[in-house]
Amino acid sequence: MERTFHYEPPKIGDLKSKNPVSTEKYTISVITPLFGGGVVAGENDKKMLIRPMSIRGQLRFWWRATRGKTFSSVSEMRKAEQNIWGSTDTPSKVNVTVKITKKGNSVAYADVKPKDIRDNRDNKLPYVLFPFQENRREGKTAKSGTVNIEFELQCSFPKELEKDVEAAVWAWVNFGGIGARTRRGCGALYCEKLAPKNADGLKQWFNGALQQYGIPQQSAAQAREWSTLGHTFY
């Protein structure tokens, strides 16, 4: 006897009402040379200059540093992190897409390298870009970077995760970067939507963002076992 089954897919309106999704778009400029960031260490990826997977990893880190401060233990924080950003068993609830709007242009290491500090002590320190310089002893050629890049970042996520995702994007754009040597100034980002309007009201801007995204301030006595965003201005 042959059995027949009737399946009626849910209507789009029903899906939206049960699982409302938010989508945020950000126009981001890379304002310092981008080195690395590809599948090969220290090299730009010619096919995918800005990799969504790399951005997701950055957002995951900055989520820990911001909204992750609300948890008092690593296990507690990890559970919430995996629920949002995924794990080996569960997919991420945050969909990240990237659209390059300005591919920029290649710049040779020799054109952006800092001068030797012994020549002029007012110049930037030479250690900023040293991993990309030529090393004949090891058979390495000088690397090239990319400047004048602009891209559109789109994040889609369940409505209830709005503050979690927006806090991570805000912190990443203003305090992080993309590619290699971001802690030395490479791959710095600018997003007009999230940046302070001027240098005069930085403290007010920062404290306003902490309140807007639900990022708790904490004293030294409340330090966590993972990296967190500080809140003291000097």
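For the structure itself, look to the data block above.
Criteria and cut-off values
Residues numbered from 1 in each chain as written. Predicted model: local features only at pLDDT ≥ 70, side-chain atom pairs only at ≥ 80, totals over all residues. Heavy atoms only, no water. Pairing = 2+ DSSP bridges. Helix = DSSP H or I, 4+ residues; strand = E, 2+ residues; numbered from the N terminus. Contact = heavy atoms within 4.5 Å. Axes fitted to C-alpha atoms, helices over the stretch in contact; angles between N-to-C directions. Expected span 1.5 Å × (residues − 1). Buried < 20%, exposed > 50% of the residue type's maximum accessible area, 1.4 Å probe, protein only. Arc of directions from axis to C-beta.

(A) Here's a closer look at the sheet that holds strand 1 (residues 21–30). Spatial strand order, 2-5-1-6: four strands in an open sheet with antiparallel pairing. A single partner strand is all that each edge strand has here, and the edge strands are strand 2 (95–102) and strand 6 (189–190). Pairing of strand 2 with strand 5 (residues 149–158) involves seven bridges; the strand directions are antiparallel. By the bridge assignment for strand 5, Lys-99 is matched with Glu-152. Across the sheet, helix 2 (residues 52–65) is in contact with strand 2 and strand 5; its angle to strand 2 comes to roughly 120°. Lying over the sheet, helix 5 (residues 162–175) contacts strand 1, strand 5 and strand 6, oriented at roughly 160° with respect to strand 5.

(B) The arrangement of helix 3 (residues 74–85) in detail. In this model, helix 3 (12 residues) spans 15 Å end to end at C-alpha, consistent with the 16 Å of a helix rising 1.5 Å per residue. For helix 3, the full list of buried residues reads Met-77, Ala-80, Glu-81, Ile-84 and Trp-85. All buried residues of helix 3 lie within an arc of 110° about the axis, which places them on one face of the element. Set apart from the buried face of helix 3 by more than 90 degrees, the exposed residues are Ser-75 and Lys-79. For helix 3, the elements touching its buried residues are helix 2 and helix 5. In the segment just after helix 3, Gly-86 is the residue with positive phi, at about 95°.

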